[in-house]
Structures are given as C-alpha cells and as structure tokens.
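Listed below, chain by chain, are the residues.
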Amino acid sequence: MIEIREATKSQSAEIARLIMTAMTDDCCLYFCGEGYGLDAFLKMMTMLVEREDSQYSYRNTLVAMERHMVVGIAVSYDGGRLHELRQAFIEAAKEHLGKDHSGMDDETQAGELYLDSLAVLPDYRRQGIARKLLLATKERANGLGLPCVGLLVDKDNPVGEALYSSVGFQYVNDSQWGGHPMKHLVL
C-alpha cells in the first residue's frame with residue numbers, strides 16, 4: 001500500500017537521488033563545473049534537501065512510501081519565493097561544484113505552487129503513484145492558499161505531458177529553461 005506523506009529530514013539522501021532522476025544526468029552535469037560529476041552533485045543535493053531554506057528542502061517535499069521506503073517524490077514551493085529559496089542552490093553550486101548559476105532563468109512566478117521535481121523509482125512506475133503525488137500537490141496548493149500548481153515540462157517529454165494532462169494540467173505558454181524548450185502547464 002502506497003502512502004503519500006510529508007517528508008522528513010532523515011529521508012534526504014533518498015529524496016536527493018529522486019530529484020536527480022527527475023532532472024536527468026545531463027541536466028545535473030550541466031550544473032557542475034569542470035572536474036565535478038554526479039557524485040559531487042548528489043552530495044550537494046543531499047545537503048540542500050536537509051536544509052530548511054532551500055527550494056529542494058525536505059519541508060517542500062511529499063514522499064510516496066511503501067512501508068519504510070521512499071518510492072516517489074514531489075518537490076514544490078511557493079513560486080513567489082523562488083529567488084529566496086534558490087539562493088541556497090546558487091551558493092552551494094559555487095562552493096561544491098565550482099560553478100556560478102546566479103544568472104539562471106526564472107522557472108516559476110508568484111501565484112502558483114511550483115512543482116519543481118516529480119519522480120518515481122523505476123520499479124514502481126505505472127502504478128498511479130505519480131498521479132497520487134500530483135493530486136496531493138494540488139491539495140498542498142489549496143492549503144497554502146495558492147490558486148494553482150504550475151510546472152515546466154520539456155517539449156521532448158510527451159509521456160510526462162500526457163501524465164500531467166490526465167490529471168487536469170493545461171497549457172499556458174511556451175518557456176525556456178536550462179537551454180531546453182519547455183511548456184508551462186497549470187492545474
């Protein structure tokens with residue numbers, strides 16, 4: 001039985017690995033400076049998940065649990081707090097990855113609960129877990145008084161877009177992030 005609940009700090013390493021799954025290895029490596037790889041990125045992301053002032057904080061994460069194992073995650077935060085929450089990532093990337101990302105494009109805006117990362121372990125996919133996480137994220141938005149959940153989906157990810165559409169997400173506009181053409185969707 002899969003249960004969706006608030007994450008705890010002790011789950012930080014599992015959450016960080018799933019965030020990296022959502023980001024893809026290529027995207028993670030894009031954030032790394034010369035001579036740094038996925039191990040360094042994982043170490044940094046685990047530290048960011050452990051923090052309370054990071055966009056990737058465990059406090060911004062819902063987990064899908066099977067018994068005592070994290071099998072899926074949904075990381076979301078108030079889009080109006082993007083710059084404040086992103087500062088931890090910018091500082092950590094400079095220190096741990098030797099790269100400055102202070103000029104990064106905005107991926108969200110005020111007025112939405114931004115779904116930053118959604119991932120399910122490969123052995124647990126196609127069981128409705130991502131759908132449950134998306135619906136729980138919408139409940140979280142309602143609880144925070146935010147009118148919608150927003151996200152960016154890569155234009156080359158029709159499977160992801162179909163999942164979001166099946167839950168009720170609708171296209172708003174085209175966007176660009178991390179050098180990729182994206183679609184901005186809201187629920």
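Shown above is the structure to which this text applies.
Structural notes, computed from the coordinates. Since this is a predicted model, take the numbers as computed values, not measurements. (Residues numbered from 1 in each chain as written. Predicted model: local features only at pLDDT ≥ 70, side-chain atom pairs only at ≥ 80, totals over all residues. Heavy atoms only, no water.)

Summarising the element assignment, E50 is placed in helix α3 (residues 38–50). Residue class for E50 comes out partly exposed when judged on its relative accessible area of 35%. When residues no more than four places from it in sequence are discounted, the contact partners of E50 are K9, S12 and Y58. (Helix = DSSP H or I, 4+ residues; strand = E, 2+ residues; numbered from the N terminus. Buried < 20%, exposed > 50% of the residue type's maximum accessible area, 1.4 Å probe, protein only. Contact = heavy atoms within 4.5 Å.)

By size, the foremost hydrophobic cluster in this structure holds 37 residues, and its most contacted members are I19, F41, M44, M45, I73 and F89. Of all the secondary structure elements, the ones that give two or more residues to this core are α1 (12–23), α2 (25–30), α3, β2 (61–66), β3 (69–78), α4 (82–97) and β4 (113–120). With seven residues, α4 is the single largest residue contributor to this core. In this structure, I2, A64, I129 and V167 belong to the second largest nonpolar core, which totals 24 residues. (Core = buried A, V, L, I, M, F, W, Y, C linked by side-chain atoms within 4.5 Å.)

With that settled, the discussion passes to the packing of aromatic side chains. Following the criterion strictly, the structure yields six aromatic pairs and no others. With 5.2 Å between their ring centres and 75° between their planes, Y30 and F31 make a pair best called edge-to-face. For Y30, a relative accessible area of 43% puts it in the partly exposed group. When its relative accessible area of 3% is taken as the criterion, F31 is described as buried. (Phe/Tyr/Trp six-rings, centres within 6.5 Å; stacked < 30°, edge-to-face > 60°.)

Here the focus is empty space enclosed by the protein. Within the structure shown, the criterion is met by one cavity of 30 Å³ or more. What the largest cavity holds in volume is close to 30 Å³. Lining the largest cavity are F31, Q55, Y56, R86, F89, M104, E107 and W177. Split by residue class, the lining of the largest cavity holds five nonpolar, one polar and two charged. (1 Å grid on protein atoms, 1.4 Å probe; cavity = no way out; pocket = protein on both sides within 12 Å on 5 of 7 lines; lining within 4 Å. Points joined across faces, edges and corners; volume = space filled by probe spheres on them. Nonpolar A, V, L, I, M, F, W, Y, C, P; charged D, E, K, R; others polar.)

Let us now look at unusual backbone geometry. Of note in this structure, R67 is not a glycine but carries a positive phi near 55°. Backbone geometry at R126 places phi at a positive 65°, although glycine is not the residue there. Residue position: R126 is located in the loop between β4 and α5 (129–144).

Attention now goes to the layout of surface pockets. By volume, the largest pocket amounts to about 1,200 Å³. As for the largest pocket, its lining consists of 37 residues, and the residues nearest its centre are A22, L118, N157, G160 and Y164. At the level of elements, α1, α2, β4, α5, β5 (149–154), α6 (158–167) and β7 (180–186) are the ones that each hand at least two residues to the lining of the largest pocket. Broken down by element, the residue count for the lining of the largest pocket peaks at seven residues, all from β4. Class assignment of the residues belonging to the lining of the largest pocket gives a composition of 21 nonpolar, nine polar and seven charged.

Taking 1.5 Å as the rise per residue, α4 with 16 residues should run 22 Å; its terminal C-alpha atoms sit 21 Å apart, in good agreement. Considered for burial, the residues of α4 that qualify are L82, L85, R86, A88, F89, I90, A92, A93 and L97. Residues of α4 that are buried make contact with α3, β3 and β6 (170–177). A positive backbone phi angle near 65° is found at G98, which sits one or two residues after α4. (Expected span 1.5 Å × (residues − 1).)

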